[in-house]
Amino acid sequence: MQRLQDLKETFFGLEVVQQQLLISSAVAIGGILAYWVFRSKEAKTIPIGHGWWGKGKKPLSEDDQIHTFTITTSDEEIKDLHARLDLTRYTDPLEDSHFNFGFNSTYLKRVVSHWRNVYDWKKQVAALNQYPHFKTKIEGLDVHFIRVCPPSRENQKVVPLMLVHGWPGSFYEFYKIIPLLTQNHDGVAFEVICPSIPGYGYSEAPQKKGFDSVAAARIFLTLMERLGFSQFYLHGGDWGSAITTNMAQMKPDCVKGLHLTMFFPRRNFKMSLSLVIGRYLPFLVGFTREDVRRIYPYFQKNVWQMLEETGYMHIQATKPDTAGCAVNNSPVGLAAYILEKFSSWTDMKYRDLSDGGLERMFTLDDLLTNVMIYWTTSSMTSSMRFYKENFGNLINRLDFKTGVFVPTGLAAFPNELMHNPKVWAQTKYRNIYTYTFMPRGGHFAAFEEPQLLADDIVQFVKKVGKI
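The structure presented is a predicted model; accordingly, all values stated were derived computationally and were not measured.

**Student:** For this particular structure, what's the right way to read the overall build of the chain?
**Tutor:** Within the chain, the secondary structure is distributed over 22 helices and nine strands. On C-alpha atoms alone, the chain measures out to a radius of gyration of 25 Å, which is about the 23 Å that the 2.2 N^0.38 rule sets for 467 residues. Across its three principal axes, the chain shows a C-alpha extent of roughly 95 × 60 × 50 Å. Counting all 467 residues of the chain, 53% fall into the buried class. Pairs at least 24 residues apart make up 79% of the contacts formed inside the chain by residues separated by at least 6 positions. Here the chain displays about 22700 Å² of accessible surface, and carbon together with sulfur accounts for 56% of that area.

**Student:** I would appreciate a short explanation of the pairing of strand 6 (residues 232-236) in the present structure.
**Tutor:** For a regular strand, side-chain orientation follows a simple rule: the groups alternate between the two sheet faces. By the criterion of burial, strand 6 is predominantly enclosed, with five of the five residues buried. Burial along strand 6 is two-sided: F232, L234 and G236 facing one way and Y233 and H235 facing the other are all buried. Judged from the four bridges that link them, strand 4 (residues 157-164) and strand 6 form a sheet pairing that is parallel. If you follow L163 over to strand 6, its bridge partner there is H235. On the question of chirality, the crossover connecting strand 6 to the parallel strand 7 (residues 255-260) by way of helix 8 (residues 239-250) is right-handed.

**Student:** Looking at this model, I keep getting lost on the environment of T88. Mind explaining?
**Tutor:** The residue T88 is located in the loop between helix 3 (75-86) and helix 4 (105-117) in this model. Along the backbone, T88 and V332 are 244 residues apart, and their C-alpha atoms lie at a distance of 7.1 Å. Separated by 3.3 Å, the side chain of T88 and the backbone oxygen of R84 make a polar contact. A polar side-chain atom of T88 sits 2.9 Å from the main-chain carbonyl oxygen of L85.

**Student:** Help me understand the side chain of K462 in this model?
**Tutor:** In this fold, K462 is placed in helix 22 (residues 450-465). You can call K462 buried: its relative accessible area is 19%. Setting aside anything within four residues of it in sequence, one finds K462 in contact with H185, D186, V188 and I467.

**Student:** Explanation requested: the UniProt feature "domain: Epoxide hydrolase N-terminal" (unreviewed entry) in the chain in the structure shown.
**Tutor:** Under the UniProt annotation, "domain: Epoxide hydrolase N-terminal" (unreviewed entry) lies at residues 66-174. The annotated region residues 66-174 carries 30% helix and 24% strand content, and the separation between its end C-alpha atoms amounts to 22 Å.

**Student:** Explanation requested: helix 9 (residues 269-278) in the structure shown.
**Tutor:** In an α-helix, one turn spans 3.6 residues; hence positions three or four apart end up facing the same way. Among the residues making up helix 9, those that are buried are M271, S274, L275 and G278. Summarising the axial view, the buried residues of helix 9 lie within an arc of 105°, below the 170-degree limit, and thus occupy one face. Seen from the buried face of helix 9, the exposed residues on the opposite side, beyond 90 degrees, are F269 and V276. Residues of helix 9 that are buried make contact with helix 10 (282-285), helix 11 (289-295), helix 12 (298-309) and helix 20 (422-425). Two or three places before K270, at the start of helix 9, stands the capping residue N268, its side-chain oxygen 3.3 Å from that residue's backbone nitrogen.

**Student:** I keep staring at the packing of aromatic side chains and nothing clicks. Help me out?
**Tutor:** Given two aromatic rings, one states the distance between the centres and the angle between the planes to describe the pair. Counted by the stated rule, this structure contains 33 aromatic pairs. The interplanar angle of 70° and the centroid separation of 4.8 Å between the aromatic rings of Y131 and Y175 together place this pair among those described as edge-to-face. With Y131 in the loop between helix 5 (121-128) and strand 2 (133-138) and Y175 in the loop between strand 4 and helix 6 (178-182), the pair connects residues that are 44 residues apart, well separated along the chain. With relative accessibility at 6%, the residue Y175 sits in the buried group.

**Student:** Where do I start with the pattern of salt bridges in this structure?
**Tutor:** Oppositely charged side chains are able to pair whenever their charged atoms sit close together. Throughout the structure, instances matching the rule amount to 20 salt bridges. Salt-bridge contacts for E139 lead to R218; the nearest nitrogen and oxygen are separated by 2.6 Å. Highlighted residues: E139 in the loop between strand 2 and strand 3 (141-148) and R218 in helix 7 (residues 213-226), separated in sequence by 79 residues. With respect to burial, E139 and R218 carry one shared label: buried. Members of the salt-bridge network, linked through shared partners, are K137, D142 and E204.

**Student:** Whenever I open this one, the nonpolar core confuses me. Can you help?
**Tutor:** Soluble globular proteins tend to pack their nonpolar side chains together in the buried interior. Within the largest apolar cluster, 127 residues are counted, with the highest numbers of intra-cluster contacts made by W167 and L339. Within the second largest apolar cluster, nine residues are counted, among which are L275, V285, F287 and V292.

**Student:** What's the story with helix 7 in this structure? I'm lost.
**Tutor:** The terminal C-alpha atoms of helix 7 lie 20 Å apart, and with 14 residues this matches the ideal 20 Å at 1.5 Å per residue to within 8%. Here helix 7 lies mainly inside the structure; eleven of its 14 residues are buried. Its side-chain oxygen 3.2 Å from the backbone nitrogen of V214, D212 forms the N-cap of helix 7. Taken from the residues just after helix 7, G228 is the one with a positive phi, measuring 95°.

**Student:** When you look at the side chain of S382 in this model, what are you seeing that I'm missing?
**Tutor:** For S382, the location among the structural elements is in helix 18 (residues 380-391). When sequence neighbours within four positions are dropped, the list of residues in contact with S382 reads G199 and A205.

**Student:** Could you clarify how one ought to interpret the packing of helix 4 against helix 15 (residues 331-344) in this entry?
**Tutor:** Helix packing geometry: the angle between the two helix axes and the distance between the axes. Where helix 4 meets helix 15, the closest approach of the two axes is 11 Å, and the angle between their N-to-C directions is 120°. In terms of their interaxial angle, helix 4 and helix 15 are classed as oblique. Crossing handedness for the pair helix 4 and helix 15: right-handed. Here helix 4 contributes L108, V111, V112 and W115 to the contact with helix 15, which in turn contributes P331, V332, A335, A336 and L339. The residue makeup of the contact of helix 4 with helix 15, split by class, is nine nonpolar, no polar and no charged.

**Student:** What am I meant to see in the pairing of strand 4 here?
**Tutor:** For strand 4, a buried count of six out of eight residues is recorded, marking the element as mostly surrounded by other parts of the structure. Two elements, strand 4 and strand 5 (residues 188-195), share six bridges in a ladder whose sense is parallel. Across the sheet, residue V158 finds its bridge partner in strand 5, namely A189.

**Student:** Looking at this model, I keep getting lost on the confidence of the model for the chain. Mind explaining?
**Tutor:** Here the chain averages 91 in pLDDT, and 91% of its residues register 70 or above. In the predicted structure, residues 16-40 sits below a pLDDT of 50 and forms eight contacts with residues beyond four places in sequence or in another chain.

Rules used throughout
- Residues numbered from 1 in each chain as written.
- Predicted model: local features only at pLDDT ≥ 70, side-chain atom pairs only at ≥ 80, totals over all residues.
- Heavy atoms only, no water.
- Helix = DSSP H or I, 4+ residues; strand = E, 2+ residues; numbered from the N terminus.
- Rg over C-alpha atoms; globule rule 2.2 N^0.38 Å.
- Buried < 20%, exposed > 50% of the residue type's maximum accessible area, 1.4 Å probe, protein only.
- Contact = heavy atoms within 4.5 Å.
- Areas by Shrake-Rupley, 256 points an atom, 1.4 Å probe, with all protein chains shown as cover.
- Pairing = 2+ DSSP bridges.
- Right-handed = clockwise from strand over helix to strand, strands pointing away.
- Polar contact = N/O pair within 3.5 Å; in protein donor to acceptor, adjacent residues only side chain to side chain.
- UniProt positions renumbered as here; feature names shortened; annotations may be inferred.
- Arc of directions from axis to C-beta.
- Phe/Tyr/Trp six-rings, centres within 6.5 Å; stacked < 30°, edge-to-face > 60°.
- Salt bridge = Lys/Arg side-chain N within 4 Å of Asp/Glu carboxyl O.
- Core = buried A, V, L, I, M, F, W, Y, C linked by side-chain atoms within 4.5 Å.
- Expected span 1.5 Å × (residues − 1).
- Axes fitted to C-alpha atoms, helices over the stretch in contact; angles between N-to-C directions.
- Parallel < 35°, antiparallel > 145°, perpendicular 65-115°, else oblique.
- Left-handed = near helix turned anticlockwise from the far one by under 90°.
- Nonpolar A, V, L, I, M, F, W, Y, C, P; charged D, E, K, R; others polar.
- pLDDT = per-residue confidence, 0-100.

In structure tokens form, the structure reads like this:
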């Protein structure tokens, strides 16, 4: 008690400035201590959980064998497609609207003409089958994946790597990057596994409600275990980023490294403060000059632009089956809905072009093959449901509140939908090994810039593995 009285007298004997300095220091130290207590108590993993997504009740046992799979087509399938293409009704676009109102129907006629008269689906099926395809039953669903092994070479370290796509993409996005990854990189080559998210393409759609990115992550972890991999690397973008992030949160001991092209921070006051200060004093908040260039003007690039581009998200996160009825019944409607994203998400400036800039980065054959994967499997509606399942309970999701502690590599492409500086990313990803400002490219990185992405993945894996 006497000691407390002495401290009190000493404090009030100080000058006002000294008292304020002492109080500020105490508050700062208290804040730091509180922060570290919070960090030490923060969960570092999320529960693996369990699920059953097939029809009816879960059986006592499930076939865990891996079966080969071949993509097929038929004359009847192509005849039906052509008949629907021929019956398409078009609406004339507004003058000078380009792609600002959505897919321009004048250019859409050119796409449909190519689809009807030039595009060869049988030839594309043969191209899809150039890599080995498989299916295996997990949690009641037939899960499709491709597995590509590198050629056998002496003194070569083979590294397993799973690549996970998003919406409205597919496993086909990775066809150009696969040969770049399986080649030898100074003694390192990748064995590549590309699954289709359940409900997308050739993976069976869930029959029960609740299938979100956490459920997909658990299924893909089971897949890697079934393939015999105890440790592996992951790469993802779009929904693939969320799924692979969840995989790293579930089993960090299995994930040697996580590489992402789309990543989101944990929103907090520090982030809001950095937005206010960062444009004028970037060094105070950890921004680089490139961060400033990509973020500002913030309202235009990250608020208004996102409002313009996320209308689809609100539909799919609320009533996906309603919109799904339309696009699942019309191949031209499906193509317009999908390919509009391949225009604006590659470069927002393409909205001001009459052809949406689609053939600047892609061929019509490649774009239509991705569309055909959705069309021939009738998987558009089930893929859209993934939004409702994931956005339905955001507030209570544990994975949103949990950090990621595995080695992480982030590739920031300049035309990605939203730029997140490294200092923001660190609020979620606590062990960032590499953060690369990519010189060009947008949302569909592997499809647009396979060499750039492959080089960044190789650099990241070599740094993590000290190879």
